[in-house]
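Summary of the model geometry
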Amino acid sequence: MFSKETYMARRAKLKQSVGSGLLLFTGNDESGMNYADNTYHFRQDSTFLYFFGLAYAGLNAIIDIDNDREIIFGDELTIDAIVWMGTQPTLKEKSDRVGIREIRPSAEIAGYLDNARSHKQEIHYLPTYRAEHQIKLFQWLDVIPGTEKPSVPFILGVVNQRNYKSDEEIAEIDKACIVTADMHLTAMRTVRPGITEAEVAAAVTEVAQANNYQLSFPVIATINGQTLHNHYHGNTIKSGDMLLLDAGAETEMGYAGDMSSTIPADARFTTRQKEIYDIAVASHEAAVAALKPGVLFESIYDKACEVIMDGMKQLGFAKGDPAEAVQAGAHALFMPCGLGHMMGLDVHDMENLGEVYVGYDGRPKSTQFGRKSLRLGRKLEPGFVLTIEPGIYFIPELIDLWRSQDKFTEFINYEKVATYKDFSGIRNEEDYLITADGARLLGKKIPLRTEEVEGLR
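Here is a short report on the structure shown in this document. This is a predicted model, so every value here is computed, not measured. (Residues numbered from 1 in each chain as written. Predicted model: local features only at pLDDT ≥ 70, side-chain atom pairs only at ≥ 80, totals over all residues. Heavy atoms only, no water.)

1. Details of the overall build of the protein
- Of the regular secondary structure elements, the protein holds 16 helices and 17 strands.
- Its C-alpha atoms give the protein a radius of gyration of 24 Å, near enough to 23 Å, the size a compact globule of 457 residues would have.
- Viewed in the frame of its principal axes, the protein has a C-alpha envelope of about 70 × 45 × 40 Å.
- By the burial criterion, 53% of the 457 residues in the protein qualify as buried. (Helix = DSSP H or I, 4+ residues; strand = E, 2+ residues; numbered from the N terminus. Rg over C-alpha atoms; globule rule 2.2 N^0.38 Å. Buried < 20%, exposed > 50% of the residue type's maximum accessible area, 1.4 Å probe, protein only.)

Take a look at the structure:
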């Protein structure tokens with residue numbers, strides 16, 4: 001964890017931002033995989049981590065702004081727990097490390113909240129993403145699951161801190177990105193005809209775990225790259241295939257890396273693969289070149305999509321003006337996803353708090369197919385950490401649907417597109433920090449251009 005002064009300063013800034021009331025932090029509990037004692041890997045709630053730094057199950061916290069109190073609610077380990085888990089710091093010792101002096105048993109949180117409610121004190125809580133959080137709100141505040149009303153001032157207070165990464169956070173994210181790059185370099189040396197997707201996934205997972213890191217999300221390692229989030233690993237890689245790898249490492253402190261690479265099964269890309277791959281790389285490099293403070297990220301998305309449509313036009317897949325095609329939404333046949341997202345303690349940073357607040361600064365998102373999947377659209381500012389990940393996908397079902405509807409026929413040559421329904425998909429992804437005058441790559445560079453990938457193969 002960081003120094004206790006870091007966490008104390010974060011909490012002080014949050015209290016000043018929200019102003020009054022009581023801030024309720026629901027930490028995470030252990031989650032049984034198939035029975036209570038056989039649990040999934042424990043991961044603390046990221047906002048709890050950000051303000052309290054304690055990666056332990058069974059903790060909750062309150063910042064009582066009105067009464068100037070900061071309290072951790074939890075229970076000391078019993079001797080039975082110590083027998084199984086070994087010697088542990090006491091809860092008081094853990095809390096002292098992050099500047100919390102008041103510790104109370106878990107059972108007392110309900111009474112504390114009841115007292116606050118009886119005094120008409122406003123209780124702020126964040127959006128839930130686990131059933132256990134909903135149950136806690138029901139037990140403590142009589143909030144019926146599904147009817148939660150998260151506090152917008154609390155959300156904004158958190159977002160307006162976590163969006164801007166401090167130097168110590170950036171150093172931690174750099175560590176995650178270095179290991180993430182090593183995961184992808186390992187995959188580039190591993191992929192070959194005759195092995196399974198699962199073997200590649202195992203190889204990149206080993207890299208993360210050898211560094212005592214976790215995965216920042218489940219590995220995507222697939223020859224069916226047209227399925228954007230494909231977690232099936234049962235296929236055997238064949239000559240002529242491409243493997244799309246999307247994988248990242250998470251440091252011991254919970255900070256994420258997130259990169260993608262597209263790797264030919266053979267030593268070289270086929271001519272058909274290279275033509276499409278090079279367009280995706282041109283889009284990627286155009287987006288990276290545009291990164292700097294003050295630029296609306298949605299405009300970078302437009303530019304990246306225009307590069308794709310221009311390249312597809314040159315190959316005969318598209319027609320008409322690329323910029324007009326993008327504004328109409330025709331580009332989404334090839335790129336139905338976003339261009340990137342914020343990254344930090346979550347691989348999609350603060351996604352549970354709402355993209356409108358995190359990625360759009362309160363501005364409503366587009367409802368246009370493709371563009372609505374853009375998680376980040378706001379003006380860029382120094383301290384933002386984000387991904388760049390344009391892709392080109394040939395999705396048979398989407399091609400058939402749009403063709404049957406005569407959709408965007410002024411921009412799309414369906415006769416040519418239909419001949420590529422077996423192509424799959426391509427995506428490359430890097431992580432960037434927005435600086436005072438531009439952007440900096442986080443971690444280390446992995447091969448991107450065709451010749452770079454082939455040089456490592």
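2. Points about helix α10 (residues 271–289)
- Over its 19 residues, α10 extends 27 Å from the first C-alpha to the last, a length consistent with the 27 Å expected when each residue adds 1.5 Å.
- What α10 keeps buried is the set Q273, I276, Y277, I279, A280, V281, S283, H284, A286 and A287. (Expected span 1.5 Å × (residues − 1).)

3. Considering unusual backbone geometry
- Of note, the phi angle at D142 is positive, near 60 degrees, even though the residue is not glycine.
- Here D142 shows up in the loop between α6 (131–141) and α7 (152–162).
- D142 gets classed as exposed once you look at its relative accessible area, which sits at 53%.
- Positive phi outside glycine occurs at D361, with the angle close to 55 degrees.
- Following the sequence through the fold, D361 ends up in the loop between α13 (355–358) and β13 (385–388).
- Judged by relative accessible area, D361 falls into the exposed class, the value being 53%.

4. Some words on the state of the cysteines
- Under the criterion given, the structure shown has 0 disulfides.
- A disulfide-free cysteine, C337 has its sulfur positioned 8.2 Å from the sulfur of C305, the nearest such atom.
- Relative accessible area serves as the criterion here: at 12%, C337 is assigned to the buried category. (Disulfide = S-S within 2.5 Å.)

5. Topic: the packing of aromatic side chains
- Across all of its chains, the model carries 18 aromatic pairs by this definition.
- Measuring from centroid to centroid gives 4.6 Å for F269 and Y277, while their planes differ by 35 degrees, and the two rings are tilted. Neither residue differs from the other here; F269 and Y277 are each classed as buried.
- Arranged with centres 5.4 Å apart and planes meeting at 35 degrees, the rings of F394 and Y420 form a pair that is tilted. With F394 in the loop between β14 (391–393) and α14 (396–404) and Y420 in the loop between α15 (414–418) and β15 (425–427), the pair connects residues that are 26 residues apart, well separated along the chain.
- You can call F394 buried: its relative accessible area is 0%.
- One aromatic cluster is present, formed by F25, F48, Y50, F51, F52 and F154 through successive ring pairs.
- Over the face of the ring belonging to Y50 we find R10, whose NZ or CZ atom lies 3.7 Å from the ring centre.
- Positioned above the aromatic ring of F317, the side-chain terminus of K416 is 4.9 Å from the ring centre. (Phe/Tyr/Trp six-rings, centres within 6.5 Å; stacked < 30°, edge-to-face > 60°. Lys NZ or Arg CZ within 6 Å of the ring centre and 35° of its normal.)

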